[in-house]
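As a plain string of letters, each chain reads:
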Amino acid sequence: MHPLSIILVKSDSKGDRLLFRYPFVQLKEDNETNKLDKKKNPYSISLLEEQKDNNNQLRQLSIDPAATNIQLESDEVLSSLFACKLELANQKFELKINDIRFVSHPALMENKNSNSFILINIVFALQAQCSYSIVKCYYELSKRLGLGLLYEERRANYLTKEMKTMLKVHEDTIYDHKSERIFDTILQKSSLAQCLKQLYFDLCTSGLINVVLNESVTLCFCLPQKAWMARFSERKTKTPFIDPDVIDRAIISLKPYHGFLLLVDPSELLDCVPPSGAKVLLQLIESYNPLKSLQSMSNDSDLSLDQVFQMVGHLVYWAKATIIYPLCETNVYVISPDAPIHVNSPLVEKFANKFPGMSLIEVISDFSLPTSIGHLTTPLQHPARQGRLAQMVLWMLQHHLLMQLHTYVQFMPSYEKPNDTSGLSLSDFGTSPKQSINTMSPEKSPMSDPLDVPNSTSNARQIPSSSQKSICSNFSVDDNDDSMNSLDDDEKIKELLNSFDECDRQAILKVPASSNFEDLNLMVRLKQSGYFQGEHHLEEIMFYENLRRSQLLQLLDKFRDVLILYETEDAASCLGFK
Amino acid sequence: MKNTPENNEVIKCIFLCEFHATAGTKIVDQSPKNFISKEMFDKASNYVIPKVQLAYCFISISLNDLKILGYPIRIDNKSYVRNAFYFNLCFVFDNGTRTFCYESIIKKCTEYLLSLELSSKFLSKLDETKLKRLELMLDKIRTDINNYGNCMLRDENNILPLCVVPYYEDKLIEINEMGEFSHKAPVLLDCFFENFTLSSWDLTTKMIVPFINGFRHIDRIAQLADVSVTIVLQCVKHLVLLGVAVLVPAFQYSNIYRPTPKLKLLAKSPEVQERAIAKCSKSELKKAKVRDILMLFASMTHGATLGELCVRFNPAKKNIDERNTVLFGLVEQLIRPIFKYPVVVNKNLFVGYEDMNGNHQQQHSLMDMNSCGIPISNASKRSSFDNVKVAKNSFTGLKTLDEICMRTASSTRQLEEQLACDKHVIVLLK
């Protein structure tokens with residue numbers, strides 16, 4: 001996942017040149033001496049690592065033998081490859097040679113007045129087996145670097161200055177063919193070279209980049225796969241590969257009732273945003289509280305919900321935060337399936353350090369069966385105990401040891417119809433079945449009005465249904481309508497029942513609560529809004545419909561004959577842990 | 001065994017280009033004709049006929065949503081006009097294709113062309129008949145590989161067998177991370193029976209297929225089929241790699257499951273429902289109802305074993321075969337299994353339940369009464385004692401109860417009883 005090398009190539013009216021590359025340890029000579037050794041003693045095992053003792057810094061980063069291939073390719077060959085034709089500029093450039101993949105964005109700046117041009121190409125050399133998403137990220141980085149350099153060039157001729165410095169070093173040392181010395185000197189003299197070196201180290205270690213070009217342009221970049229892998233370093237087996245797509249999906253599905261949990265100290269956050277975003281970040285952090293929802297944090301911090309979503313999304317991308325449902329007594333937690341709980345796990349020690357006297361395994365065993373904080377403690381006990389348990393739960397959530405389970409509702413009336421063996425009615429397929437299979441994707445836009453009904457029903461409204469049985473309009477009756485009085489209760493109930501499919505009606509009638517107008521009204525309202533299709537959990541229904549938990553639970557209990565409830569995790573915000 | 005291709009047009013184009021003495025880099029022939037336009041070729045010309053040092057390397061260049069993969073060749077010989085001859089046989093794909101599997105084909109074809117050139121100057125002295133021959137070759141390679149994944153190229157008197165080598169690295173890493181899985185049960189997916197005939201498989205597969213029912217674990221299959229466990233493990237590994245089998249926990253009524261977010265598909269998708277009814281019904285005549293199946297899945301939770309659920313729901317009465325239903329749920333990923341992991345802790349867990357004398361037993365002792373003060377029968381005590389010594393080391397939290405049971409040849413119930421009495425072991429469910 002880390003780059004094998006960063007190569008800087010320029011092409012302009014004077015020709016093309018490989019200006020700089022990092023790392024630049026020349027291993028040719030060592031290879032030759034080693035070969036001689038090999039011939040002398042056929043039984044000795046040549047360790048590739050011994051050759052790399054030249055550079056102490058490089059020893060800390062494990063470099064593949066494949067890297068030596070790049071060293072053996074001469075600079076001229078590489079420059080002729082990367083100083084590409086102008087037609088290939090300003091788009092993705094990807095070249096694979098045997099085991100190495102080169103990716104970059106050749107940035108071209110044309111000066112029409114003087115008919116000159118500058119093409120600068122910052123190429124990343126990666127291992128060929130790198131996944132496509134990583135290659136995409138590196139391309140993005142190269143693009144930003146290129147554009148940043150061109151911006152600085154237009155503003156202050158930064159690029160020409162740096163190129164001049166580097167070329168001068170190349171020419172001065174022309175008699176000494178050891179490019180290692182040339183690059184070393186360039187590193188000392190050129191700030192751009194130092195920038196690239198810093199970039200290389202950051203990519204190899206944390207995957208988080210914050211560099212400043214020419215002391216004025218800040219470039220912030222993150223390799224989320226690497227950043228998240230560092231978070232999971234405690235898991236010996238199967239570190240999950242977090243694709244940026246997974247993160248994007250989680251960010252899109254952010255809702256106002258979600259909350260977020262910081263995975264690092266607030267002090268570590270400032271380096272992940274450029275200075276322009278620092279103010280928004282600080283405002284958000286001031287009102288940060290894992291018990292609050294994004295909506296309330298937005299109100300408290302005077303930021304718009306949109307800004308809050310964007311900032312939280314950014315923090316998740318940078319592996320500094322994770323999306324949760326705000327902590328409260330009724331949240332049901334269970335041990336995460338891939339939680340590394342074993343006797344030798346480093347997490348056990350970490351937990352003991354943070355919470356002296358408590359053992360991680362014992363505390364987490366309480367969550368073997370799905371429980372909530374409310375179940376484990378009662379208000380009658382020492383209040384500090386609940387607080388301490390909440391702290392421990394937060395710690396476990398930060399380390400992805402716990403997972404939250406939500407209850408989902410599926411409307412499925414039971415009835416006996418001689419011909420239909422499926423136990424379902426057609427009205428559940430308001431959209432065409434093929435469409436409904438593909439709507440595993442979450443809601444459209446978190447920015448939409450919170451009272452906007454979920455995806456499935458809005459589709460039903462757009463598609464003119466051929467069958468009269470499909471639900472096309474909202475039949476629920478307004479509670480505040482004073483003209484309705486209790487004498488018309490039966491009428492109203494009849495109307496509500498008409499909104500159901502023929503076969504469903506039978507099942508509904510069997511439920512005793514259907515004779516109660518309020519209950520039936522609420523039931524119809526929720527069903528019409530599409531909440532009973534197994535895609536919206538109780539907390540979401542409570543938030544959007546302004547119901548108390550007790551109200552909702554009572555209703556679900558009354559109609560339990562036609563509803564099926566089950567507990568499972570929230571797929572969208574779970575970041576794909578299996 | 002036939003390689004089923006995913007889509008028909010993986011190779012978009014094959015072309016042969018060379019460095020002509022006067023005209024420079026140009027395309028000699030391409031199949032299909034005129035796929036690569038002159039401008040596009042000009043953009044890529046630097047990379048298909050590259051600098052001298054890069055000959056005999058696999059070079060792939062991406063541009064315009066296309067990926068061109070080639071193996072450039074350079075022949076040094078004074079007989080050529082410029083003392084050298086360069087050519088490259090290139091395959092063109094869509095940008096996202098994984099091209100690793102085609103590299104060996106390209107190499108083989110290129111080496112064949114190289115041998116033709118060295119022996120009879122086939123490429124450098126191209127005339128009408130030779131061009132025709134070349135065209136036929138390129139066409140055949142492209143169509144056969146696209147349609148069948150392999151090609152038996154016949155050219156004059158030469159036969160060149162070509163085959164796409166699928167890339168299994170990712171899946172292989174996944175499987176190797178699973179470690180020892182002889183306590184799991186393999187399930188053969190539908191595609192095993194639909195896409196292949198039994199006779200086309202190897203001997204081991206043929207021997208064990210009759211015993212694979214989705215409920216038996218590998219150890220038992222090996223016993224019944226009279227094949228060594230290591231060989232069966234290898235065979236199952238290959239089946240999983242090829243995508244015709246998956247591994248699930250061995251069926252027991254004491255297993256625990258829980259629903260996944262995909263469960264809503266059972267209510268939404270008619271195809272899933274059809275499959276559900278087909279697989280979960282007890283018999284052909286009496287079909288199960290989707291609602292009942294959904295109810296069964298929805299009630300699966302950490303606290304309820306399958307046995308308890310069956311007692312509660314009486315699936316037989318509703319024409320549901322619970323074993324097949326669970327298998328269906330696992331294969332379609334509507335439910336997932338919950339495993340039990342015993343972990344040893346230092347602390348005495350039964351503090352507070354010690355016997356009246358306050359005897360604090362630090363080590364696992366064999367009294368007639370366990371530390372709860374409840375007398376346990378001699379028989380179970382003795383049998384569990386032997387297992388204790390063996391199993392104690394495995395209570396690390398990394399092995400599931402199933403695995404330990406299989407290794408120690410004890411039943412789940414025995415082990416669970418023993419663990420309940422052991423004051424130093426916690427059982428985690430995840």
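Residues numbered from 1 in each chain as written. Chains lettered and ligands numbered in written order. Predicted model: local features only at pLDDT ≥ 70, side-chain atom pairs only at ≥ 80, totals over all residues. Heavy atoms only, no water.

## With respect to the overall build of chain B
Each helix and strand counted, chain B has 16 helices and 14 strands in total. Restricting to contacts in chain B with at least 6 residues of sequence separation, those with at least 24 account for 65%. In the form shown here, chain B has an accessible surface area of approximately 21,200 Å², with 53% of it arising from carbon and sulfur atoms. (Helix = DSSP H or I, 4+ residues; strand = E, 2+ residues; numbered from the N terminus. Contact = heavy atoms within 4.5 Å. Areas by Shrake-Rupley, 256 points an atom, 1.4 Å probe, with all protein chains shown as cover.)

## Here we look at the confidence of the model for chain A
For residues with low pLDDT, the predicted coordinates do not support detailed interpretation. Taken as a whole, chain A shows an average pLDDT of 74; of its residues, 74% reach a score of 70 or greater. Within the model, pLDDT remains below 50 along residues 416–484 of chain A, and this stretch shows 100 contacts once partners closer than five positions in the same chain are excluded. (pLDDT = per-residue confidence, 0-100.)

## Some thoughts on the side chain of Glu103(B)
Inspection of the secondary structure assignment puts Glu103(B) in helix H2 (residues 103–120). Judged by its relative accessible area of 10%, Glu103(B) is buried. Excluding anything up to four places from it in sequence, Glu103(B) contacts Lys96(A), Phe58(B) and Leu69(B). (Buried < 20%, exposed > 50% of the residue type's maximum accessible area, 1.4 Å probe, protein only.)

## Some thoughts on helix H7 (residues 218–225) of chain B
Residues and elements named next belong to chain B. Within the span of H7, buried status applies to Ile-218, Ile-221, Ala-222 and Ala-225. Angularly, the buried residues of H7 cover 100° about the axis, an arc narrow enough to put them on a single face. Packing partners of the buried residues in H7 comprise strand E9 (184–188), helix H6 (203–208), helix H8 (229–241) and strand E10 (245–249). (Arc of directions from axis to C-beta.)

## A short note on the pairing of strand E11 (residues 256–259) of chain B
All names here are of chain B. Side chains of E11 alternate between two faces, with Ile-256 and Arg-258 and Tyr-257 and Pro-259 buried alike. Relative to strand E12 (residues 335–338), E11 is paired through four bridges, and the arrangement is antiparallel. Paired with Arg-258 across the bridge in E12 is Arg-336. (Pairing = 2+ DSSP bridges.)

## Considering the interface of chain B and chain A
The partner chain A presents 66 residues to the 59 residues of chain B that form the contact. Both faces considered, chain B and chain A share a buried interface measuring about 5,400 Å² in area, 60% of it formed by carbon and sulfur atoms. When the area that chain B buries against chain A is broken down by residue, the three leading residues are Lys268(B), Arg291(B) and Lys430(B), summing to 14%. The tally of links from chain B across to chain A stands at three salt bridges. For the salt bridge of Lys96(A) with Glu103(B), the shortest nitrogen-to-oxygen distance reads 3.2 Å. Viewed at the interface, chain A and chain B are joined by 16 residue pairs in polar contact (both at pLDDT 80 or more). If you list the elements that add at least two residues to the side of chain B that touches chain A, you get helix H1 (38–48), strand E3 (59–63), E11, helix H9 (264–268), helix H10 (270–280), helix H11 (290–298), strand E13 (340–344) and strand E14 (425–429) of chain B. Partitioned by chemical class, the residues of the side of chain B that touches chain A number 29 nonpolar, 13 polar and 17 charged. Bridge count between strand E3 (residues 93–97) of chain A and E3(B): four bridges; the pairing is antiparallel. Bridging from a neighbouring strand, Glu94(A) pairs with Ser62(B) of E3(B). (Buried area = accessible area lost by both parts, 1.4 Å probe. Salt bridge = Lys/Arg side-chain N within 4 Å of Asp/Glu carboxyl O. Polar contact = N/O pair within 3.5 Å; in protein donor to acceptor, adjacent residues only side chain to side chain. Nonpolar A, V, L, I, M, F, W, Y, C, P; charged D, E, K, R; others polar.)

## Quick word on the side chain of Ser182(B)
All names here are of chain B. By the element assignment, Ser-182 lies in the loop between helix H4 (169–177) and E9. You can call Ser-182 buried: its relative accessible area is 4%. Once you skip the residues sitting within four places of it in the chain, Ser-182 turns out to touch His-217, Ile-218, Asp-219, Val-229, Leu-233 and Met-406.

## Structural notes on the nonpolar core
Leu8(A), Phe20(A), Phe82(A), Leu95(A), Phe102(A), Phe124(A) and Phe15(B) are the most contacted members of the largest nonpolar core, which totals 92 residues. Each residue touching Phe124(A), except ones within four places of it in the same chain, is listed here: Pro3(A), Ser5(A), Ile6(A), Arg101(A), Phe102(A), Val103(A), Tyr138(A), Leu141(A), Ser142(A), Leu145(A), Leu199(A) and Leu203(A). Judged by nonpolar contacts, the second largest core, of 37 residues, contains Met412(A), Leu266(B), Ala288(B) and Phe297(B). (Core = buried A, V, L, I, M, F, W, Y, C linked by side-chain atoms within 4.5 Å.)

## Quick word on the pairing of E3(B)
Each regular strand displays side chains that alternate between the two surfaces of the sheet. Residues and elements named next belong to chain B. With respect to burial, E3 is a largely interior element, five of its five residues being buried. Here E3 shows two buried faces, one formed by Ile-59, Ile-61 and Leu-63 and the other by Ser-60 and Ser-62. Counting the residues between successive antiparallel strands, the hairpin from E3 to strand E4 (residues 66–70) contains two residues, one of them, Asn-64, with a positive phi of roughly 55°.

## What to know about the pattern of salt bridges
Considering all chains together, one arrives at 27 salt bridges over all chains under this definition. Note that Asp557(A) is salt-bridged to Arg560(A), the shortest N-O span being 3.2 Å. Residue Asp557(A) is classed as partly exposed on the basis of its relative accessible area, which comes to 44%. A salt bridge links Asp76(B) to Arg74(B); the shortest N-O distance between them is 2.7 Å.

## Remarks on the domain arrangement of chain B
On domain assignment, one finds that chain B holds domain 1 (13–163), domain 2 (169–249), domain 3 (256–338) and domain 4 (340–429). A C-alpha centroid distance of 55 Å is found between domain 1 of chain B and domain 3 of chain B. (Domains from an automatic or database assignment.)

## What to know about the environment of Trp318(A)
All names here are of chain A. Within the element layout of this structure, Trp-318 appears in the loop between helix H14 (305–317) and strand E10 (321–324). On the basis of relative accessible area, Trp-318 is assigned to the buried category, the value being 4%. In sequence terms Trp-318 and Leu-208 are 110 residues apart; their C-alpha atoms lie 7.4 Å from each other.

## Some remarks on the confidence of the model for chain B
All names here are of chain B. The predicted model of chain B averages 81 in pLDDT, with 87% of residues at 70 or higher. Mean pLDDT across the secondary structure elements of chain B bottoms out at helix H14 (residues 378–391), with 50, and peaks at E11, with 91. Of the regions scoring below 50 in pLDDT, residues 1–5 engages in ten contacts with residues more than four places distant in sequence or in other chains. Ignoring residues within four places in sequence, the model shows residues 352–385, a span with pLDDT below 50, making 32 contacts including any to other chains.

## A word on helix H12 (residues 278–286) of chain A
Residue and element names in this part refer to chain A. Among all positions of H12, only Val-280, Leu-281, Leu-284 and Ile-285 are buried. Taken down its axis, H12 places every buried residue within 130° of arc, on the same side. When the buried face of H12 is taken as reference, the exposed residues oriented beyond 90 degrees from it are Lys-279 and Glu-286. Against strand E9 (259–262) and H14 lie the buried residues of H12.

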